[in-house]
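Working through the structure, step by step
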Amino acid sequence: MSEIPAKATGSEDPSGGARARAAGAFASEASPAPDRAYGGLADGGAAPGDAVWQSSPPGSIYDYIKVASFSIGPDGLVDQWSLRAEQIFGISADRAVGMDPIEAFIDPDLRERGERKMAEILDGREWTGVVPFRMPDPVPGGGRGERGLAEVYVMPTRSLDGDNAAVCIVVDVRTLRSIETDLAASQAIFGQSPFGFLLIDPDLRVRRANHRFASIFGGTPDDHRGKGVHDYLPRPEAERVSATLRRVLETGDSITDMHVTGFVPGSDERRHWSINLYRVHSGTGRPIGIAWLGTDITARRAAAREAAAARRNLALLNEAGARIGNSLDLETTARELLDVVVPGFCDLATVDLYQGLLAGDETPPGLADGSAELRRVAFSSAVSDAPYSATGAPVAVGAVHHFPFNSPCADALRTARPQSIPGEEGGLVQSTLAIPMVAHDTVVGLAQFSRTKGSEPFGDRDRDLAWELAARAAVCIDNARLYRREHERALILQRSLLPPGDPVASGLDIACRYLPGNVSTGRPSEVGGDWFDVIELPGHRTALVVGDVMGRGLRAAVAMGELRTAVRTLALLDLEPAEVLSALDEIARGLGTPGGVQQATRAARRPREADLSEVYLATCVYAVYDSVTRRCTFANAGHLPPVLVEPGEPALMLDVPPGMPLGVGGEPFEEVEVDLPEGALLALYTDGLVESRDHPLDEGLQAFVGALTDPTRPLEDVCDHVLNTLDTHHGEDDIALLMARVQGLPEDSVGDWTLPREPRSVGRAREYARTRLLSWDLEPLVDTTELLVSELVTNALRYGEGEIRLRLLLDRTLVCEVWDAGLVQPRRRRARDTDEGGRGLQLVGLLSAAWGSRRTPRGKTVWFELPLPDGETGLTDPAEALLSLF
């Protein structure tokens, strides 16, 4: 604030502040009107003695520039020194009064010129100019003071004595130049800014606007002076912005990136701005308004929305890839699609699949016109659980329906193109996308996505996203359909290879269970190679077989069928269990070789090379039970051990050497004989019963043994109890369970005699047979049995060795066995008409239901079998059989 020095008198402002107020009053009053004289007289022309001295109002120019005054007396020395002079020059009045200003402030090389100017000034001449000066030494004798540049205005005056004097007005040029620079920069920023710039006064009115703001809202910058925010923004938005402006003005807290929405003149497009607000202060620090800096972010917000939509769609596709297709079940896959899209993409959704495809048809009818029957397999809603009804009558999940020919849904199915369906008046749905589900150029169904009223309508991007989601789900559904078809085919094949009905065996009570793997667990599963078999052998013996081909699918089922057929063939040869497994091992090695077993054998002899043939491995346990001796012989090829439960004893796993799996080759198999008591329970099974992903094998075996606690229960109940008790995780693997309860032949159902090697043994054999048959009330079989026994004993005498053994066994059929120590097997041949002999075995074949021979550890056994007379099966007349030979 500038001051005009005056002669101090005793009556002048003894408080020391009158000079500042008087100077402020002068500074504020002197410039507006030329008739306002020195001293700042009030309006109305009051006399100088009545002048009222006032402080300049805030915001005066003197708040920013440095202006000082001092006076020079007739002697050229400073006689008065203002407070501002003290601030500019840093010299107090006590020290400055009496100083020669030329000597104190001017460099020595400029003093001569300064003295001449001083003389001219004291002669009554005015002078103005820019004078370099230096500060006097702060301490006399010290270093040189700071230098500066001042603009000086010297006005001649007269002292009280009438002598010439002068008043000097000094302005700090450096501060003035800084103000000029700041003002130029401010003008450049305000006028050239690419952003809308406003200066708002404390009354929340526009004090100043730049050209950028005027170019947006029309007119010139001056046209916006005095307007408020209500002139630019809708009322709710204007109220919010006004409240924010008042808060900034009151608290001084700046606002950064405040989003404001409104419209510009001449456009209905909603615009968005980012506003920065901060309070503006005067040089004294008093708030004088608010600066408003606005940036149009409409395009940026649109781009942000597009980016957010793209990120959302990408996240939705990623989620779909992770969640859709985790199972090979059609309905589950459809529900997985709806779990992804509701509510993230739409509010309601349905999936309809062609009924023909669900039923297994390759090409369901009606695909050409979209009128084929569909079944609603999935529905999801974020707003209602009622049946979906956006495009017609409500259809419940599981219901079969079809779309009208002219409907948009039928058109989508017919053309394989998405259709947009507007919602009905007064309905809940705003719009619906009908998306055909296309997989491998085949339409498998229709997905409908709907948004309710109040939601954002579907756009082109949404349609593309819906098409992609439906296509992914369609591929997974088609894969599930193909898998279901292959699974059913393999299951049919596998079931056709298993024993039909309930197996029946002599001296055994049989119960069995087979559970194929499926997709009920939600995990991919295929038909496996598990199988079991019950084979009747001669002499009322029974072969029990359980096996498991490693691998899954149709190939495993086919391999299982080949091995099962081979087992039955080898069993009919009446080989020992170890021999059966050795032959099976050779067969398994040949399954994956184009040339079969012989080619596999030759390949084994060649040097090891890259083998591209498929390897088939299988495990198998083969047991032969003799109902007469109640003895069971086991051989194991890498399979799980059998479990035996004896009456009154806990269940135990039999110690049967496991051997190598079938198909590995190179290792012999061992046999183990076990005597089974009457009523004992024998269990054979596959690993699907005792092993799963969640339970290790040892734990499953212990659980299985623990479940067999009561062997006296009916076998069917025991099987059900085992399956219900064990945590089998059915669906992960096939399960085969074969259980047999021992019921040996009673002693009175067995006739066993030893005959010496002499001709009379033939007659004795007939007599033994007649007597025993009559005791069994089988008189109709006496003649036939006597004839056939005579033939077999005669052959044993003529071609065999050692003593002869005759055995009759009565169970469901009558079996006669003749044993001897000879190793030569009887061979049936056709006798010529002129031959006297050679017709014995032909006669045996004609009169018996079956006959054969097998090797024994001490020779061979020749046997025949006759059906029991039951009134339905007629017996062959021996006389007619004899005549038929000629």
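Residues numbered from 1 in each chain as written. Predicted model: local features only at pLDDT ≥ 70, side-chain atom pairs only at ≥ 80, totals over all residues. Heavy atoms only, no water.

Turning to the packing of aromatic side chains, a few remarks are in order. As enumerated under the stated definition, the model contains 13 aromatic pairs in all. For the pair Tyr-685 and Phe-704, a centre-to-centre distance of 4.8 Å together with 65° between the ring planes defines the contact as edge-to-face. With Tyr-685 in strand 25 (residues 681-685) and Phe-704 in helix 17 (residues 697-707), this residue pair connects regions lying 19 residues apart in the sequence. What makes Tyr-685 buried here is its relative accessible area of 1%. Each member of the aromatic cluster is reached from another via a ring pair, and the members are Phe-70, Trp-81, Phe-89, Phe-105 and Phe-133. It is Arg-414 that lies over the ring of Phe-405; its NZ or CZ is 4.4 Å from the centre. (Phe/Tyr/Trp six-rings, centres within 6.5 Å; stacked < 30°, edge-to-face > 60°. Helix = DSSP H or I, 4+ residues; strand = E, 2+ residues; numbered from the N terminus. Buried < 20%, exposed > 50% of the residue type's maximum accessible area, 1.4 Å probe, protein only. Lys NZ or Arg CZ within 6 Å of the ring centre and 35° of its normal.)

Time to look at the confidence of the model for the protein chain. For the protein chain, per-residue confidence averages 80 on the pLDDT scale, and residues scoring 70 or more make up 81% of the total. This model gives residues 1-56 a pLDDT under 50, and the stretch forms 70 contacts once residues within four places in sequence are excluded. Counting interchain partners and residues more than four positions distant, the pLDDT-below-50 stretch residues 519-525 has 22 contacts. (pLDDT = per-residue confidence, 0-100. Contact = heavy atoms within 4.5 Å.)

This part is about the nonpolar core. Residues Trp-531, Leu-544, Leu-584, Tyr-622 and Leu-738 are the most contacted members of the largest nonpolar core, which totals 57 residues. The leading source of residues in this core is helix 14 (residues 554-572), at 8 residues. (Core = buried A, V, L, I, M, F, W, Y, C linked by side-chain atoms within 4.5 Å.)

Moving on, we come to the sheet that holds strand 30 (residues 850-856). With antiparallel pairing, 5 strands are arranged side by side in an open sheet as 27-28-29-31-30. Whereas interior strands pair on both sides, the edge strands pair on one side only; in this sheet they are strand 27 (750-755) and strand 30. Within the sheet, the average angular offset between the axes of one strand and its neighbour, ignoring direction, is 15°. With 6 bridges joining them, strand 28 (residues 804-810) and strand 29 (residues 813-820) adopt antiparallel strand pairing. In the sheet register, Arg-805 faces strand 29, and the bridge partner there is Trp-819. Against the sheet, helix 19 (residues 760-775) touches strand 27, strand 28 and strand 29, its axis set at about 165° to strand 27. On the sheet, helix 20 (residues 782-799) packs against strand 27, strand 28, strand 29 and strand 31 (859-867) and is oriented at approximately 170° with respect to strand 31. (Pairing = 2+ DSSP bridges. Axes fitted to C-alpha atoms, helices over the stretch in contact; angles between N-to-C directions.)

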